[in-house]
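# What the coordinates show
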Amino acid sequence: MSNPAADGAHGRSVDEPGPALRFTLDGALRGFRATFIYAVLTLPFGLAVGVASAQAGMSALVAILLSAVVLAGAAQFAALDLWANPLPVAAIVVTTFVVNARHLLYGAALHTWAAGITPWQRNLAATLMTDVTWAMTMTAKAKGERDAGFVIGSGLALWLMWVVGTAVGYYLGAAIGDPRRYGLDVVMPAMFATMLIGLWRGPGDIAPWMAAAAAAVLAYDHLPTGWHVIAGALAGGIVAVARFARR
Amino acid sequence: MQPISLAHPEAQALVAVIGMALATYATRAGGFWLMRLVPMTPVLEAFLRGMAGSVVVAIIVPQALKGDWPARAAIAASLIVMIGSRQPVAAMIAGIAVAGLWRALI
């Protein structure tokens, strides 16, 4: 088994043969192109966060800046719930961390893959890593993607639509109407359902995925926003380890 | 020129935005930071590999259960079209179309 620290510039893992990981503009362009159509379909969510930001009494500057530097839908909606005068800044920041804590697992899952680039390149790639970009990257990685620029390009496509959507939603507000009417509220579930098929590796996935589903459903009603993803990921990982140990 | 005061609501809002950005960034880069402290073992690798699809399962299953029938039908349509065609865009459009048509017609 390879040790990422010892691997250094080669970044090769025993089970992931191939050329050393790169971090290039070409990779970023691939990520942007692969994600762009999905990003366009996520526009309704940007619109929704823009509308909600205006209703919560944010200035246009704060609303658009928030989407530009945070880029996390669930956390932004959670913060909007807390938005009041005087502003509970500490509660908002802590809530943001809690809602986004699932990202910690995303970095961990990509660490072996990303071990071949410098720490600063990893830190840069992490800036735009959302649920969609992570799932896109995992899918591309399974198909042999060896360029961490992919993460940046993919993230940028979503960032662009998120910021544009927020600005348009902020100014147009209620004129947009209910996105549910057009079936647009199912964009995210449909997107993740599509990506799930790309992450299927064989019947060995059934047990971890069943455990993940059960844990996520249980956690959904009892844990803070976002933590059902962590519960599901941990349950799936533990079952995978149990199966691995039995072999 | 007025001194900028932290008591001003807009200044507070900007502080909150910066705090949210830093907290979010810590979660996005933190996974990489933590993994530098933990030696990679076969067990940990099995755990992380088992986690990948599990995350996506954990995202969609509650959405399917808490959603309405059009949303469930959309997820099913996307899954079926993706399995049959391996065309992600077709699969997504199928899902959105099923939910949109269902709501428009019923």
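Before any of the text, the structure's been laid out above.
Notes on the structure in this doc start here. (Residues numbered from 1 in each chain as written. Chains lettered and ligands numbered in written order. Predicted model: local features only at pLDDT ≥ 70, side-chain atom pairs only at ≥ 80, totals over all residues.)

## Considerations on the overall build of chain B
Stated precisely, the cut-off is as follows: For the purposes of this entry, the term helix denotes a DSSP run of H or I that reaches at least four residues, the term strand denotes a run of E that reaches at least two, and both are numbered from the N terminus. Within these notes, the globule rule equals 2.2 Å times the number of residues to the 0.38 power, and the radius of gyration is based on C-alpha atoms. Exposure classification rests on a simple neighbour count of other C-beta atoms within 10 Å of a residue's own: a residue reaching 20 or more is buried, one at 12 or fewer is exposed, and one in between is partly exposed. C-beta atoms are placed from the backbone. By definition, residue pairs are in contact when their C-beta atoms, positioned from the backbone, come within 7 Å.
Summing up its helical and strand segments, chain B has four helices and zero strands in all. Start at the N end of chain B and walk to the C end: the helices and strands fall as α-α-α-α. Taking 13 Å as the expected radius of gyration for a compact globule of 106 residues, we find that chain B reaches 22 Å, considerably beyond that expectation. With the C-alpha coordinates of chain B rotated into their principal frame, the extents come out at 60 × 50 × 25 Å. Every one of the 106 residues in chain B was classed for burial, and the buried ones make up 44%. Sequence separation of at least 24 residues holds for 27% of the intrachain contacts in chain B that already meet a minimum separation of 6.

## Examining the overall build of chain A
Helix and strand content of chain A: 13 helices and zero strands. Ordered by position from the N terminus, the helices and strands of chain A form the series α-α-α-α-α-α-α-α-α-α-α-α-α. Residues counted as buried form 54% of the 247 residues belonging to chain A. Once local pairs closer than 6 in sequence are excluded, the contacts in chain A between residues at least 24 apart make up 76%.

## Quick notes on the interface of chain A and chain B
The extent of an interface is frequently quoted as the accessible surface area lost upon association of the parts. For clarity, the threshold we go by: Polar here means any residue outside two lists: the nonpolar Ala, Val, Leu, Ile, Met, Phe, Trp, Tyr, Cys and Pro, and the charged Asp, Glu, Lys and Arg; Gly therefore counts as polar.
Facing the 79 residues of chain A at the interface are 68 residues of chain B. Sort the elements by how many residues they give to the side of chain A that touches chain B and helix H13 (residues 227-246) of chain A lands first, with 12 residues. For the side of chain A that touches chain B, the class distribution of residues is 58 nonpolar, 17 polar and four charged.

## What about the environment of Phe244(A)?
In this fold, Phe244(A) is placed in helix H13. We classify Phe244(A) as partly exposed; it has 16 C-beta atoms within 10 Å. Through-space distance from the C-alpha of Phe244(A) to that of Gly169(A) is 48 Å; in sequence the pair is 75 residues apart. Among all residues touching Phe244(A), those that are not within four sequence positions of it are Val43(B) and Ala46(B).

## Some remarks on the packing of H13(A) against helix H2 (residues 42-66) of chain B
Heads up, the rule is: To obtain each axis, a line is fitted to C-alpha atoms, and for helices this fit is confined to the stretch in contact; angles are then taken between N-to-C directions over 0 to 180 degrees. Just so you know how the angles are binned, under 35 degrees is roughly parallel, over 145 roughly antiparallel, 65 to 115 roughly perpendicular, and the rest oblique. Crossing chirality is assigned from the near helix's rotation relative to the far helix, an anticlockwise turn below a right angle marking it left-handed and a clockwise turn marking it right-handed.
Direction vectors running N to C along H13(A) and H2(B) enclose 140 degrees, while the axes themselves pass 6 Å from each other. Taken together, the axes of H13(A) and H2(B) are oblique relative to one another. Considering the relative orientation of H13(A) and H2(B), their crossing is right-handed. Class assignment for the residues of the contact of H13(A) with H2(B) results in 18 nonpolar, six polar and one charged.

## Some remarks on helix H4 (residues 88-105) of chain B
Rules: An expected span of 1.5 Å times one less than the residue number is assigned to each helix.
The end-to-end C-alpha distance of H4(B) is 26 Å, a good match for the 26 Å that 18 residues give at a rise of 1.5 Å each. Inspection of H4(B) places Pro88(B), Ala91(B), Met92(B), Ala94(B), Gly95(B), Ile96(B), Val98(B) and Ala99(B) among the buried residues, and these make up the whole buried set. Looking at the buried residues of H4(B), the elements they touch are helix H2 (25-41) and helix H11 (187-199) of chain A together with helix H3 (69-85) of chain B.

## Some thoughts on the packing of helix H5 (residues 73-82) of chain A against helix H6 (residues 89-100) of chain A
Between two packed helices, both the angle of their axes relative to each other and the distance between the axes serve to describe the pair. All names here are of chain A. At a closest axis distance of 9 Å, the pairing of H5 and H6 adopts a crossing angle of 150 degrees. Overall, the two elements H5 and H6 adopt an arrangement that is roughly antiparallel. Every pair of crossing elements has a handedness; the one defined by H5 and H6 is right-handed. Residues Ala74, Ala75, Ala78, Ala79 and Leu82 of H5 lie in contact with H6, whose contacting residues are Ala91, Ile92, Thr95, Thr96, Val99 and Asn100. Among the residues making up the contact of H5 with H6, the classes are represented as eight nonpolar, three polar and no charged.

## Thoughts on the nonpolar core
For the record, the criterion: As used here, a nonpolar core is made of buried Ala, Val, Leu, Ile, Met, Phe, Trp, Tyr and Cys residues. They are joined through C-beta atoms within 7 Å.
Counting 111 residues, the largest nonpolar core has Phe192(A), Ala212(A), Ala216(A), Met20(B), Val56(B), Val57(B) and Ala58(B) as the members making the most contacts within it. The element best represented in this core is H2(B), accounting for 11 residues. Once residues within four sequence positions are removed from consideration, Ala58(B) is found in contact with Ala212(A), Ala216(A), His228(A), Val229(A), Ala231(A), Gly232(A) and Ala233(A). By size, the runner-up hydrophobic cluster in this structure holds six residues, among which are Phe45(A), Val49(A), Val51(A) and Ala52(A).

## Quick notes on helix H9 (residues 131-142) of chain A
Between its first and last C-alpha, H9(A) extends 17 Å over 12 residues, near the 16 Å set by a 1.5 Å rise per residue. In terms of burial, H9(A) is a largely internal element, 11 of the 12 residues being buried. For H9(A), the set of buried residues is Asp131(A), Val132(A), Thr133(A), Trp134(A), Ala135(A), Met136(A), Thr137(A), Met138(A), Thr139(A), Ala140(A) and Lys141(A). Residues of H9(A) that are buried in the fold lie against H2, helix H7 (102-110), helix H10 (149-172) and H11 of chain A together with H2 of chain B.

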